[in-house]
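Spelled out, the chains give:
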2 protein chains.
Amino acid sequence: MTRIQRALLLCATSLPVLCLAAEPDPAPPTMARVLEQSTASDWRSLDPDSTLYMELPGGRVVIELAPGFAPQHARNIKILVRAGYFDGLAIIRSQDNYVAQWGAPEEMDARQVHPLGEARPRLAAEFTTPISAATPFTALPDFDGYAPQVGFSNGLPAARDPESQRTWLCHCYGAVGVGRDNESDSGNGASLYAVTGHAPRHLDRNVTLVGRVMQGMELLSTLPRGAGAMGFYGTAAERVPIKSVRLAADVPMAERSNLEILRTDTQTFTQLVEARRNRREQWFKVPAGYVGLCNVPIVVRQKKHEAPE
Amino acid sequence: MTRIQRALLLCATSLPVLCLAAEPDPAPPTMARVLEQSTASDWRSLDPDSTLYMELPGGRVVIELAPGFAPQHARNIKILVRAGYFDGLAIIRSQDNYVAQWGAPEEMDARQVHPLGEARPRLAAEFTTPISAATPFTALPDFDGYAPQVGFSNGLPAARDPESQRTWLCHCYGAVGVGRDNESDSGNGASLYAVTGHAPRHLDRNVTLVGRVMQGMELLSTLPRGAGAMGFYGTAAERVPIKSVRLAADVPMAERSNLEILRTDTQTFTQLVEARRNRREQWFKVPAGYVGLCNVPIVVRQKKHEAPE
């Protein structure tokens, strides 16, 4: 029985005035309908000064950095990118249901072959950062086991601890982090990874996350898995070469990926979250009444062509 | 400072008797240590009467069915497998961060080309099943947003509702489910899917799950994503052919994959869960104090050769 049928049944046994009062609100919209009804102000363009294009043989991976959460690491990575550090390096690791990682292969003395230049060789960890205007936050209504509060910041899954007043990005699918050794300050952004499997949220607050893959995840997620320990490729032939990594701002307009992301601080996004908490498409029989942080879709699309002035 | 150093420091400022009493328990073992210390009784062999070998060009995918949770669907699938139904069919869908699906391509009239034979064309949904001896359960101590209780049953992630006394398998990475149309009873096991992305737990109780991929996930997770809607392949050339699907019990011993799975109803497994709730490897700086159902590793390994009698 549909909601309307149920309402009609109620009407049949109620006084007319009660019937009108009992008429249910229309069902909340599905995700498809939320997106259809969105307006231009529900979207924001990726920031060309924080967006990287990693060119692989299979195509372009678009990454947006989040300098609000990791200012020093974002800065270092931009220095490396502008110096061409990553050009000619490779995807060195693909571990099933976990991560793909790129940078200099171990046997290559990266600092000799590809000097870090103006970039700093070690950086203090930015596992968490103080809550500030640089880290806006829209809370998700649902419980999370890994953090006191979770939600979204400029489109990225994030967490907060009101007690310590710290915030951090979360290891959902597509999150990009800074590889490091055992020491917290041993990373510098010259080796990066993207989450390609079920969210390894136990890494939260243990690694500096610097951003998110906004397009091209399938170029990383479908890579053959490495046969070595932790999915590292054992030979040069297995590795996937990186043609180049460029900052979008340094790429001619005609060659840019003109993407926009659904803002996460709007009524539209609140509706989208509800559309995922309780799926109302005909196919679904039991609504979940809950959505996990990493199950909320981050919607990225090609910008529509604007009319010339 | 290590725990032992801290204990020694305490000793230096304490009376000897207090020092002995204050000596901390050794830290709980890491996952690697838990597995090293496991004994033969911590493992069980996959059941050859419920294990399928799907042979793809890249190798073998090993699936164990869970007849305790979906007896009618498991039975139907075994009938189809024994009739050679899947031989010559294909992987027809690969959607990034979601599922890979196999069966008869849409344009093929499956029932004509590959008749269902003795298998039933429609089956009542087995989205959930009554709690019984066929569905043993070891509860996970942590909260789950999608179900009142979660844990493991014979090695598979599962959930329970003590109120309704129902139980069901959960959509974690590697879960295998029965494709269906809008009607709950429109599935029959002739089209199956495996979860290849972040756990789509909102599908729980909306689909009949029938088992789990126990080996060969990377053969499904690395498949090129389909360009069609929902990741379906648009052309025959894109699809990955299935050479055959066989029941392990019907395969000569020498050709079987002799796998065993870590039992989930043992003290060893309890230790493993704790090792994942709070990672104690040197690399980790902040323990999570929590583990999500789909973040608990299901450990499958090659059986050691047994000495001949």
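Above this note sits the structure.
As the structure is a computational prediction, the values presented were derived from the model and not from experiment.

Colleague: I'd like to hear about the overall build of chain A, residue by residue, with values.
Modeller: Across its full length, chain A carries seven helices and 17 strands. Counting contacts in chain A only where the partners sit at least 6 residues apart, residues at least 24 apart contribute 72% of the total.

Colleague: Tell me what's going on with the pattern of salt bridges, and back it up with residues and numbers.
Modeller: Residue and element names in this part refer to chain A. If you walk through the whole model with that rule in mind, you get 30 salt bridges over all chains. Linking arginine 122 and aspartate 185 is a salt bridge whose minimum nitrogen-to-oxygen distance equals 2.9 Å. With arginine 122 in the loop between helix H5 (110–113) and strand S6 (129–130) and aspartate 185 in the loop between strand S11 (175–178) and strand S12 (192–195), this residue pair connects regions lying 63 residues apart in the sequence. A salt bridge links arginine 277 to glutamate 274; the shortest N-O distance between them is 3.2 Å. Within this pair, arginine 277 and its partner glutamate 274 are both found in helix H7 (residues 267–277), separated by three residues, close to a single helical turn. By relative accessible area, which is 16% here, arginine 277 ends up buried. A residue is classified by how much of its surface remains accessible, and glutamate 274, at 23% relative accessible area, is partly exposed. One connected set of salt bridges, linked through shared partners, spans Asp142, Glu274, Arg277 and Arg280.

Colleague: Break down the sheet that holds strand S10 (residues 166–169) of chain A for me, citing the residues and quoting the values.
Modeller: Spatial strand order, S6-S10-S9-S8-S7 (chain A): five strands in an open sheet with antiparallel pairing. Two strands lie at the open edges of the sheet, namely S6 and strand S7 (138–139) of chain A, each paired on one side alone.

Colleague: Quick one: what's the story with the relation of the copies chain B and chain A, residue by residue and with numbers?
Modeller: By a simple turn and slide, chain B fits onto chain A: the slide is 0.0 Å along the axis, the RMSD is 0.0 Å, and the turn is 180°. Look at the turn and shift together and you get a two-fold axis relating the two.

Colleague: For the interface of chain B and chain A, give the residues involved together with the corresponding values.
Modeller: Listed per partner, the contact involves 40 residues of chain B and 40 residues of chain A. Summed over both partners, the interface of chain B with chain A buries about 3,600 Å², with 54% contributed by carbon and sulfur atoms. For the chain B face of the interface with chain A, the top three residues by lost area are Tyr146, His198 and Trp283 of chain B, together amounting to 20%. Counting the contacts that link chain B with chain A gives zero salt bridges.

Colleague: Lay out the side chain of threonine 129 of chain B with the relevant residues and their values.
Modeller: Residue position: threonine 129 of chain B is located in strand S6 (residues 129–130). Threonine 129 of chain B has contacts with Gly68, Phe69, Thr135, Gln165, Arg166 and Thr167 of chain B, leaving out every residue within four places of it along the chain.

Colleague: Quick one: what's the story with the sheet that holds strand S4 (residues 90–94) of chain B, residue by residue and with numbers?
Modeller: Residue and element names in this part refer to chain B. The strand order S14-S4-S5-S12-S11-S13-S3-S2-S15 describes an open sheet built from nine strands, whose pairing is antiparallel. The two strands at the open ends of the sheet, each matched to only one other strand, are strand S14 (240–241) and strand S15 (244–247). Sheet analysis places strand S2 (residues 51–56) next to S15, joined by four bridges and oriented antiparallel. Bridging across to S15, leucine 52 finds its partner in leucine 247.

Colleague: Go over the packing of aromatic side chains with me, naming the residues and quoting the values.
Modeller: The relation between two aromatic rings is expressed through the spacing of the ring centres and the mutual angle of the planes. Taken as a whole and judged by the stated rule, the model has nine aromatic pairs over all chains. Aromatic pair tyrosine 85 of chain A and phenylalanine 86 of chain A: ring centres 5.2 Å apart, planes at 90°, arrangement edge-to-face. Like tyrosine 85 of chain A, the residue phenylalanine 86 of chain A is buried in the burial classification. Between arginine 180 of chain A and the ring centre of tryptophan 283 of chain B, over which it is positioned, the NZ or CZ distance is 3.8 Å. Over the ring of tryptophan 43 of chain A we find arginine 301 of chain A; its NZ or CZ atom is 3.6 Å from the centre of that ring.

Colleague: Tell me about the state of the cysteines, and please be specific about residues and values.
Modeller: In a disulfide, the sulfur atoms of two cysteines are covalently bonded to one another. Residue and element names in this part refer to chain A. Considering all chains together, one arrives at two disulfides over all chains under this definition. Disulfide partner of cysteine 172: cysteine 294, at an S-S distance of 2.0 Å. The sign of the -70° torsion about the S-S bond sets the cysteine 172-cysteine 294 disulfide as left-handed. Separated by 122 residues along the polypeptide, cysteine 172 in the loop between S10 and S11 and cysteine 294 in the loop between H7 and strand S17 (300–302) bring together distant segments of the chain. Summarising the burial analysis for this pair, cysteine 172 and cysteine 294 share the class buried. Cysteine 172 provides the cysteine sulfur closest to cysteine 170, a residue in no disulfide bond, and the two sulfurs are 5.9 Å apart. Assessed through its relative accessible area of 3%, cysteine 170 is described here as buried.

Calculation notes
Residues numbered from 1 in each chain as written. Chains lettered and ligands numbered in written order. Predicted model: local features only at pLDDT ≥ 70, side-chain atom pairs only at ≥ 80, totals over all residues. Heavy atoms only, no water. Helix = DSSP H or I, 4+ residues; strand = E, 2+ residues; numbered from the N terminus. Contact = heavy atoms within 4.5 Å. Salt bridge = Lys/Arg side-chain N within 4 Å of Asp/Glu carboxyl O. Buried < 20%, exposed > 50% of the residue type's maximum accessible area, 1.4 Å probe, protein only. Pairing = 2+ DSSP bridges. Least-squares fit on C-alpha atoms with pLDDT ≥ 70 in both. Buried area = accessible area lost by both parts, 1.4 Å probe. Phe/Tyr/Trp six-rings, centres within 6.5 Å; stacked < 30°, edge-to-face > 60°. Lys NZ or Arg CZ within 6 Å of the ring centre and 35° of its normal. Disulfide = S-S within 2.5 Å.

Distances and angles like these do not, on their own, reveal function.
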